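# Survey of secondary and tertiary structure
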Amino acid sequence: MSDTDRLLETIEAVYASGVDDSCWPQALKLTTSLIGGVGTFLEVVDKPARQYNVFCTASTLTDTRARSFEHFAKLAPRMPFNPRRSFSFSKRAGHLSWDHQILDEAGMRRDSFYSEFLPQFGLRYFLGAVLEQTSEKFTFVTVQRTHKQGHVEKREIGLMQRLCPHFQRAHDMTTRLKVAGETRGLLEDTLDWLTDGVALLRADGDIVYANDTMRALAKRGDGFRIVGRVIEFAEPGARRQFDATFGAVERRGDASCDARPTDFPVARNDGSPAYIVSMRPLLSGHTRGTQHPQASIMVLVRDPLLRNAAASQILQDLFTLTKAEAHLAQALCTGMTTGAYATERCVSLNTVYSHLKRIREKTGCKSVPELILKFSELNVPLRLKGPLESAQRTPH
């Protein structure tokens, strides 16, 4: 398996951990394998108290030795417990660090953490990334390496640089879900991260909840809007489809209704790609995660433009593509030829071929079909930024 494939597998596990924190050990294990080491630690430190809130590890260390490592880490020059001694304490979120930024080999031989403690575990070096840095909390992910494995090099640093933003988003999701468990329904909090618009409806059609994306899409008034507590469609045909689908979903289980499609397009006023509306029943007894138990139907509105914007961003993050390269990659995945793309974008074929060459070099793909296969496996379920931003409309 190539580095790129293993990177994608690791990122998928990291995002799974954002929703279910019991998945963190697997994500850390894959990170260890990808970067090259004997263990990866996820550490969340309460800075005023100078103690761990979270210490999660996937390594060859036994539980007892891992706890011992946690205890002794308070004396380490690369950890944030002692501001005067710690290299990482003041670094911003997204910063990467490794041993030679802190001490040279002579300094390590003089330091008790490197010369006395780490050898007990067969450890020596590390590569870490700051995920969160506030006045109250410091979150750090570190890959631990042996003396034989040596210092990290450009390859390992590059992989961690790519992983860092995904660790940050997943950690933020984990934090939000924990807070949400105390303050509001878990389902609603999770839905606020989706790239799709989502509304929960009662049996009479009234909205009891709409996520950030749904409210932003409805506010445009382009094809549909929310009036009071009801979804209204601009085209009478779309409204009839919605009413018919709503009734069919409500009567799920009736054999005469099960075959009715629960997805339909909604045209926009400006001619942009249509929204895709999907409707699904919320099964009885499965709504305990929501603060609206009276909700019976979920409506999802997919905006291809938002999906494309999120997919473009993740391609740039994963493969360090430029915006132009990511846009070309997406176009090729839709079946567009290089000639048609050049014509649509008003650029020369030589420019398109130059972009394609760089895409192949960055992704390791040798052909367009291989490139399409790799990119088609990507899924973008979550928004990549906190606040919802308007989709960048692609010129026609």
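Above this note sits the structure.
Below is a summary of the structure that appears in this document. Everything quoted here is computed from the prediction, not taken from an experiment.

The rules behind these values
Residues numbered from 1 in each chain as written. Predicted model: local features only at pLDDT ≥ 70, side-chain atom pairs only at ≥ 80, totals over all residues. Heavy atoms only, no water. Phe/Tyr/Trp six-rings, centres within 6.5 Å; stacked < 30°, edge-to-face > 60°. Lys NZ or Arg CZ within 6 Å of the ring centre and 35° of its normal. Salt bridge = Lys/Arg side-chain N within 4 Å of Asp/Glu carboxyl O. Buried < 20%, exposed > 50% of the residue type's maximum accessible area, 1.4 Å probe, protein only. Helix = DSSP H or I, 4+ residues; strand = E, 2+ residues; numbered from the N terminus. Pairing = 2+ DSSP bridges. Axes fitted to C-alpha atoms, helices over the stretch in contact; angles between N-to-C directions. Contact = heavy atoms within 4.5 Å.

## Side note on the packing of aromatic side chains
Enumeration according to the criterion identifies eight aromatic pairs in this entry. Members of the aromatic cluster, connected to one another through ring pairs, are Phe224, Phe233, Phe242, Phe246, Phe264 and Tyr275. The ring of tyrosine 275 is capped by arginine 268, whose NZ or CZ atom sits 4.1 Å from the centre of that ring.

## Some words on the pattern of salt bridges
Counting across every chain of the model gives 14 salt bridges. Between arginine 155 and glutamate 156 there is a salt bridge, and its shortest N-O distance comes to 3.3 Å. A relative accessible area of 35% means that arginine 155 is categorised as partly exposed. On the basis of relative accessibility, which here comes to 11%, the residue glutamate 156 falls in the buried class. When the shortest N-O distance is used, the salt bridge between arginine 302 and aspartate 196 registers 3.7 Å. Of the two residues, arginine 302 is situated in strand β12 (residues 297-302) and aspartate 196 in the loop between α7 (186-191) and β6 (197-201); the sequence distance between them amounts to 106 residues. Judged by relative accessible area, which is 40%, arginine 302 ranks as partly exposed.

## So, the sheet that holds strand β7 (residues 207-210)
Read from one edge of the open sheet, five strands run β7-β6-β12-β11-β10, paired in antiparallel fashion. Taken across any chain shown, the strands that pair with only one partner, and hence form the sheet edges, are β7 and β10 (263-266). Across the sheet, the axes of successive neighbouring strands diverge by a mean angle of 25°, strand direction being ignored. Pairing between β10 and strand β11 (residues 275-281): four bridges, direction antiparallel. Within β11, the residue paired with valine 266 across the bridge is tyrosine 275. Docked against the sheet, helix α8 (residues 212-220) engages β6, β7, β11 and β12, running at close to 100° with respect to β6.

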